[in-house]
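# Understanding the architecture of this molecule
So the chains spell out like this:
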Amino acid sequence: MDEIFEKLQSVVDRYDELNELISDPEVIADTKRFMELSKEEGSLREVVAAYNKYKDVVSQLEDDKAMLAEKLDDDMNEMVKSEISELEPQKAELEEQIKIMLLPKDPNDDKNIIMEIHGAAGGDEGSLFAADLYNMYIRYAESQGWKTSIIDESDTEVGGFKEIAIMIQGDNVYSKLKFENGAHRVQRVPSTESAGRIHTSTATVGVMPEAEDVDLEIDPKDIKTDVYRASGAGGQHVNKTSSAVRMTHLPTGIVVAMQDERSQQQNRAKAMQVLKSRVYDYYQQQEEDKYDAERKSAVGTGDRSERIRTYNYPQNRVTDHRIGLTVNKLDKVMNGDLEDIIDALILSDQTEKLEQLKNE
């Protein structure tokens, strides 16, 4: 723990420095800097509290062991030994907690997300599965106390989604849902299948951290905006004004079209929100691609084309292929009970990072 103690002391020193800085009137007057420093202070608060608790436990253990070296009566001796037997596991548990807290933190972990779900292979069945995934994530978000809102949707005649984009807001949304990025495969008998054959279809999930102004500034000159008439099913015009908006980020070629709202102003605001997150995600992905493949997590945030999970309806089974996890409760999973899968993915990621830290 010696190297960790050195690192912890530098964390405590930085935490104290940040508390001084965010009390400085000049910093308070600079909104952007104040937000950045407050965010950093908040990210260190938990590890500093754990370290202080750890120091208290270590100090108490040292005192108790010193007392045992003295001549105590039997009752006092037993009481001190009992306290030591309680403090030792506390110390070990705090050490593990602190090690995990000191792992390199994903700067996006505490962000809200924009999630995009697309029906992929399988035609109508793929679009229906996209709708099932949407409902699964909505129910999971409700269980976490998060807020959800639809940004854009394109449905199909059978009641599925070609694509749907949703905003999910709350505590640590990205940290829990970032591993959902990828291709999700379903194996089941479609309702239209008269012979009872099992079909395989897919839907893709994209998870993007919501880009904040602090993270990304887009030059207005880099955005080309086109307006046009929103159209309904069959190409019918649903209004006579040009309320639909298409935004193109020229440096990356990323395009966002929005016609969900009735006013052009509302569609502009939504399109900009999605565009910022897509551009931020694009640049983040480029940075990750620069890393040595061996340094990447086996879980990873994944490419959307990578098959990450299979949902097998006949056997009520869900398998996450990245970590070899299988749970036999597909019915509950589709009802939003994702906790076991998400916890296992986070644990796998943390375990691998701890191993990398030991080997450095």
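Please refer to the structure higher up on the page.
Figured I'd write up the structure that's included with this text. (Residues numbered from 1 in each chain as written. Predicted model: local features only at pLDDT ≥ 70, side-chain atom pairs only at ≥ 80, totals over all residues. Heavy atoms only, no water.)

## Some remarks on unusual backbone geometry
Within the chain, N172 stands out as a residue other than glycine whose phi angle is a positive 55 degrees. Here N172 shows up in the loop between β3 (161-169) and α6 (173-177). With relative accessibility at 38%, the residue N172 sits in the partly exposed group. Of note, N316 is a non-glycine position whose phi angle comes to about 50 degrees, a positive value. Inspection of the secondary structure puts N316 in the loop between β9 (307-312) and β10 (317-320). (Helix = DSSP H or I, 4+ residues; strand = E, 2+ residues; numbered from the N terminus. Buried < 20%, exposed > 50% of the residue type's maximum accessible area, 1.4 Å probe, protein only.)

## Overview of a negative patch on the surface
Together, D73, D74, D75 and E78 make up a negatively charged patch on the protein surface. Structurally, E78 is set in helix α4 (residues 74-101). (Patch = residues over 30% accessible without salt bridge, like charges linked within 9 Å, V, L, I, M, F, W, Y side chains within 5 Å. Areas by Shrake-Rupley, 256 points an atom, 1.4 Å probe, with all protein chains shown as cover. Salt bridge = Lys/Arg side-chain N within 4 Å of Asp/Glu carboxyl O. Lys, Arg positive; Asp, Glu negative; His and termini not counted. Charge placed at Lys NZ, Arg CZ, Asp CG, Glu CD.)

## Re the pattern of salt bridges
Here the idea is simple: oppositely charged side chains can pair when their charged atoms come close. Taken as a whole and judged by the stated rule, the model has 15 salt bridges. Its salt-bridge partner being E125, residue R188 comes within 2.4 Å of it at the nearest N-O pair. One end of the pair, R188, is in strand β4 (residues 182-188); the other, E125, is in helix α5 (residues 124-144), and 63 residues separate them in sequence. Of the two residues, R188 and E125, neither departs from the other in class, the shared state being buried. When salt bridges that share partners are traced, they join E180, R309, D320 and R322 into one network.

## Some words on the layout of surface pockets
In this structure, the largest pocket spans a volume of roughly 1200 Å³. Lining the largest pocket are 29 residues, with M101, L103, K105, D106 and D109 sitting closest to its centre. Elements that contribute at least two residues to the lining of the largest pocket include exactly α1 (2-21), α3 (31-68), α4, α6 and α9 (339-359). Among the elements that make up the lining of the largest pocket, the one with the highest residue count is α3 (seven residues). Its residues placed into classes, the lining of the largest pocket shows 11 nonpolar, six polar and 12 charged. Among the domains, domain 1 (1-100) and domain 2 (111-211 + 300-357) are the pair contributing at least three residues each to the lining of the largest pocket. (1 Å grid on protein atoms, 1.4 Å probe; cavity = no way out; pocket = protein on both sides within 12 Å on 5 of 7 lines; lining within 4 Å. Points joined across faces, edges and corners; volume = space filled by probe spheres on them. Nonpolar A, V, L, I, M, F, W, Y, C, P; charged D, E, K, R; others polar. Domains from an automatic or database assignment.)

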